[in-house]
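# Residue-level structural notes
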Amino acid sequence: MKSFFKKLLLGKNYKRDRSIHGPLKKRILNIKAIWNNDHQDDNGIEKIVRLLLSSSQLLFPGIYIKQLAYNIGAEYDDIAMDLYVLSKVIFPFIILLNSQQGSTFLIVLMVYLLFETFFYIPTLIFASDSFSKPRSYRRSMLLLFFNYLEMILAFSVLYTIGSQMNKSFNHWFEPIYFSIITSNSIGYGDYYPVTLFGKVLVSIQSMFFLSFIILFLNFFSAKMKTKGYFDHDNES
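Every residue gets a number counted from 1 within its own chain, in the order that chain's sequence is written. Totals for whole chains, interfaces and linings use all residues, but because this is a predicted model, local features are given only for residues with pLDDT of at least 70 and pairs of side-chain atoms are given and counted only at 80 or more. Derived side-chain values reflect all non-hydrogen atoms in the structure, with water molecules and hydrogen atoms excluded from consideration.

## A look at helix α8 (residues 173-183)
This is how it is decided: For every residue, the accessible area obtained with a 1.4 Å probe (protein chains only) is divided by the maximum for its type, and the residue is called buried under 20%, exposed over 50%, and partly exposed between those limits. Per the convention used, a helix needs a DSSP run of H or I reaching at least four residues, while a strand needs a run of E reaching at least two, with both numbered from the N terminus.
All of the buried residues along α8 are Pro175, Ile176, Phe178, Ser179, Ile181, Thr182 and Ser183. Directly after α8, the chain includes Ser185, whose backbone phi takes a positive value near 55°.

Given below as structure tokens:
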């Protein structure tokens, strides 16, 4: 039974060799690669932004969870991140379902985790110079979809805080519905923001959608072998 679940969750060749460096060390080496212009001859604002994006991942728990999984066994890297991404999707949904928007701690924690996703996407696109290509592009696209769901649900929670809309939400699914149509820039007009905070949220989510979905999908499809993230087959 144990081997069955290992094969199910970890794959056919779940006993993988450990890479020379763990996830945390790879992130630090990536920052150094950008600083030393090892792969791209950038400077000025471009280099500053790339350094900030790469360094930002050290401020969030994802890299440390992956490092802990790596310390247990290299084969647990992927499943640990899968569970972490799924938990970030479920977390705002639970807040909505239990009407816990009044908990400052839960809202702050949710926004903190949302910022990790917010910075993670452009980091992969613009600031992953020394990372090897992923083992599965399909898995990467699936995780991207879950990141998108996290964005939908997290903004749904934010829309329910205070009286941001022209009318109240009467069911837990209604803010999710509004978040979905907002992220896709549809806007039917049945709900719309009436406060400055609500308008700022809608604007941020709309921009988030454009950068997160259009740019990143384009990155994975048409240009996935011309960017820094996929240029290197090393596992160091």
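## Here we look at the nonpolar core
Stated precisely, the cut-off is as follows: The definition of a nonpolar core used throughout is a set of buried Ala, Val, Leu, Ile, Met, Phe, Trp, Tyr and Cys residues joined through side-chain atoms within 4.5 Å. The criterion used for residue contact is that any of the two residues' heavy atoms lie within 4.5 Å.
One finds Met110, Phe155, Tyr159 and Phe178 to be the most contacted residues of the largest nonpolar core, which totals 30 residues. Among the elements of the structure, α5 (77-97), α6 (104-126), α7 (137-159), α8 and α9 (196-221) are those that each provide at least two residues to this core. Among the elements that make up this core, the one with the highest residue count is α7 (nine residues). Ignoring sequence-local partners within four residues, the contact set of Phe155 consists of Leu114, Ser179, Leu201, Ile204, Gln205 and Phe208. Ranked by size, the runner-up nonpolar core spans five residues in total, among them Ile34, Leu51, Leu53 and Ala127.

## As for the packing of helix α4 (residues 61-72) against α5
Axis angle and axis distance: for two packed helices, these are the angle between their axes and the distance between the axes, and together they describe the pair. Our working definition: All axes are obtained by fitting lines to C-alpha atoms, using only the stretch in contact for helices, and the reported angles, taken between N-to-C directions, cover 0 to 180 degrees. If you view the pair so one helix is near and one far, a crossing is left-handed when the near helix is turned anticlockwise from the far one by less than a right angle, and right-handed when it is turned clockwise. As a working rule, the residues Ala, Val, Leu, Ile, Met, Phe, Trp, Tyr, Cys and Pro are called nonpolar, Asp, Glu, Lys and Arg charged, and the rest polar, with Gly in that last group.
Running from N to C, α4 and α5 point in directions that differ by 145°, and their axes come no closer than 8 Å. By crossing handedness, the relation of α4 to α5 is classed as right-handed. The residues of α5 that touch α4, namely those facing Pro61, Gly62, Ile65, Lys66, Ala69 and Tyr70, are Asp77, Ala80, Met81 and Tyr84. In terms of residue class, the contact of α4 with α5 is built from seven nonpolar, one polar and two charged.

## Some points on the packing of aromatic side chains
Aromatic rings in a pair are described by how distant their centres are and how their planes are angled relative to each other. Which entries qualify depends on this criterion: Ring pairs shown here join Phe, Tyr and Trp side chains whose ring centres sit within 6.5 Å, with only the six-membered ring taken for Trp; geometry is labelled stacked below 30 degrees between planes, edge-to-face above 60, and tilted in between. A ring has a charge above it when a Lys NZ or an Arg CZ is no more than 6 Å from the ring centre and no more than 35 degrees off the ring normal.
For the structure on display, the rule yields 13 aromatic pairs. Relative to Tyr112, the ring of Phe60 lies with its centre 5.2 Å away and its plane at 35°, an arrangement referred to as tilted. Of this pair, Phe60 sits in the loop between α3 (44-56) and α4 while Tyr112 sits in helix α6, and the two are 52 residues apart along the sequence. Given a relative accessible area of 34%, Tyr112 falls into the partly exposed group. Here Phe155 and Tyr159 contribute two aromatic rings whose centre-to-centre distance is 6.3 Å and whose plane-to-plane angle is 40°, an arrangement assigned as tilted. With Phe155 and Tyr159 both in helix α7, this residue pair falls four residues apart, about one helical turn. The same class applies to Phe155 and to Tyr159, which are both buried. In this structure an aromatic cluster arises from ring pairing among Phe60, Tyr112, Phe115, Phe118 and Phe119. Above the face of the Trp35 ring, Lys47 is positioned so that its terminal group lies 5.1 Å from the ring centre.

## Observations concerning α6
An α-helical segment advances 3.6 residues per turn. Residues three or four places apart therefore align on the same side. Inclusion rule: Expected span, for any helix, means 1.5 Å times one less than how many residues it has.
For α6, which comprises 23 residues, the first-to-last C-alpha distance of 33 Å matches the rise-based estimate of 33 Å (1.5 Å per residue) to within 8%. All buried positions along α6 are accounted for by Leu106, Ile107, Met110, Leu113, Leu114, Glu116, Thr117, Ile121, Thr123, Leu124 and Ile125.

## Considerations on the pattern of salt bridges
Our working rule: Definition used for salt bridges: Asp or Glu carboxyl oxygen within 4 Å of a side-chain nitrogen of Lys or Arg.
Scanning the model with the defined rule gives three salt bridges in all. Between Asp42 and Arg50 there is a salt bridge, with the nearest N and O atoms lying 2.4 Å from each other. Each member of the pair Asp42 and Arg50 is classed as buried. In this structure, Glu116 and Lys88 form a salt bridge, with 3.2 Å as the shortest nitrogen-oxygen distance. One end of the pair, Glu116, is in helix α6; the other, Lys88, is in helix α5, and 28 residues separate them in sequence. Since its relative accessible area comes to 7%, Lys88 is described here as buried.

## Regarding the UniProt feature "transmembrane region" (unreviewed entry) in the protein chain
The cut-off we apply is this: UniProt positions are given in the numbering used here, feature names are shortened, and annotations may be inferred rather than shown by experiment.
The sites that carry the UniProt feature "transmembrane region" (unreviewed entry) are, in the present numbering, residues 103-121, 142-162 and 200-220. A distance of 28 Å separates the end C-alpha atoms of residues 103-121, which is 95% helix and 0% strand. Within residues 142-162, the helical portion is 86% and the strand portion 0%, while the C-alpha atoms at the span's ends are 33 Å from each other.

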